[in-house]
Amino acid sequence: MKKAILLSTIAALCCGLHRTSACTGIALSAADGSYVQSRTIEWSRGVLRSQYVVIPRGQQLRSFTPTGANGLAFTARYGTVGLAVEQQEFIAEGINEAGLSAGLFFFPQYGGYESYDPDRNDRTLADLQVAAWMLTQFATIDEVKAAVASVRIVALEKSSVVHWRIGEASGRQVVLEIVDGVPHFYENEVGVLTNAPGFEWQLTNLNNYVNLYPGDAPVRQLSGITLRPTGSNSGFLGIPGDATPPSRFVRAAFYRATAPQRATAFGTVLQCFHLLNCFDIPIGIDHPQGDAPDIPSATQWTSAIDLTHRRVYYKTAYDNSIRCIDLAEIDFARVKYQSHPLDEVREQPVVKISVTH
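This is a predicted model, so every value here is computed, not measured.

Further remarks concern unusual backbone geometry. Leaving glycine out, the prevailing phi sign among residues is negative, and the prevailing peptide bond configuration is trans. Residues A196 and P197 are joined by a peptide bond in cis, for which omega reads 0°. Checked against the element boundaries, P197 lands in the loop between β14 (192–193) and α4 (199–205). For D180, which is not a glycine, the phi torsion comes out positive at approximately 55°. On the secondary structure map, D180 appears in the loop between β12 (173–179) and β13 (182–187). One non-glycine residue, S223, adopts positive backbone phi at about 50°. When you line up the elements, S223 lands in the loop between β15 (220–222) and β16 (225–227).

Pasting the structure below:
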């Protein structure tokens, strides 16, 4: 019975993700050398049961497979804090005490894993648990790259395919995509990530927007009349504004490239949240008119992870107050494996201002 409930939950989650593949990631560096990776996560079909997860060193973990909790067994080498969806095992974004960060982004239609083979369950790793495996096992990107071939990454539900963003405190970031069962790593110098098509295609597509630049377009003459910008930022006229992954990739790349560098890690965290506000998905645009569920937005939460100081910041659709988990305050040798809802109460706090004079 538990196995049936688990697989039903996975199928519902994956089908929901298929409907809204709108995650957007932006990375920024501060003038003091600090490095921050931020992202949104979306699900348009209802409330994601999102939670933060604390994994101690020495924790015994096991991957699910399409037939149950009988996949790869592994022991946490590094303490980890992650933000999970639906179940504590499904970390969508997180960081470990060594400063390695990893997160998954939905990657429909273009990615594809190896076929599931029940005779090889001891090496089978579910796609929704790859981030947890990376974070608990490795300290560097190169270690991840060397180890990926040792596992068989499979989908828990056939319509679910994801790719991953992996970063180090040094500021290095890579994207892992599995296509036709073959893993491909790409150095991510543009510092953004969305969904499908593949990362290389997204980079090529940026060439279609070579005409964009920050600031205002110059006044020009046309057939005896004078053309002037109707408002500020006319140099970005033509930047795509829809919520499709290619359009969000272009916007994220240009917004990141033109963002002033902040002095400190915390200033950079706040800037990441500010930039990602531009990528919140209004719930009404993702459903036929009158058919939208009663949730604030398809964007369920936004996170910013300071890899340099090992701090996880997040806010949610229900509470835009920024919250912080500092890994330096956690004793990963003694803390218990645990998870807690991102929102204890789904309600936006409001600070009342009293005017007395």
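That shown, we press on.
Attention now goes to the environment of D331. In this fold, D331 is placed in the loop between β19 (323–326) and β20 (338–341). The class for D331 is partly exposed, based on a relative accessible area of 39%. For D331 and W201, which are 130 residues apart along the polypeptide, the C-alpha to C-alpha distance reads 43 Å. Separated by 3.0 Å, the side chain of D331 and the backbone nitrogen of A333 make a polar contact.

Turning next to helix α5 (residues 245–258). Helix length check: α5 (14 residues) gives 20 Å between terminal C-alpha atoms against 20 Å at 1.5 Å per residue, within 8%. In terms of burial, α5 is largely enclosed, as ten of its 14 residues are buried. Among the residues of α5, P245, P246, S247, R248, F249, V250, R251, A252, A253 and F254 are the ones counted as buried. Looking at the buried side of α5, the elements it contacts are β1 (25–29), β14 and α4.

Parameters at a glance
Residues numbered from 1 in each chain as written. Predicted model: local features only at pLDDT ≥ 70, side-chain atom pairs only at ≥ 80, totals over all residues. Heavy atoms only, no water. Helix = DSSP H or I, 4+ residues; strand = E, 2+ residues; numbered from the N terminus. Buried < 20%, exposed > 50% of the residue type's maximum accessible area, 1.4 Å probe, protein only. Polar contact = N/O pair within 3.5 Å; in protein donor to acceptor, adjacent residues only side chain to side chain. Expected span 1.5 Å × (residues − 1). Contact = heavy atoms within 4.5 Å.

No statement about biological role is implied by the geometric values presented.
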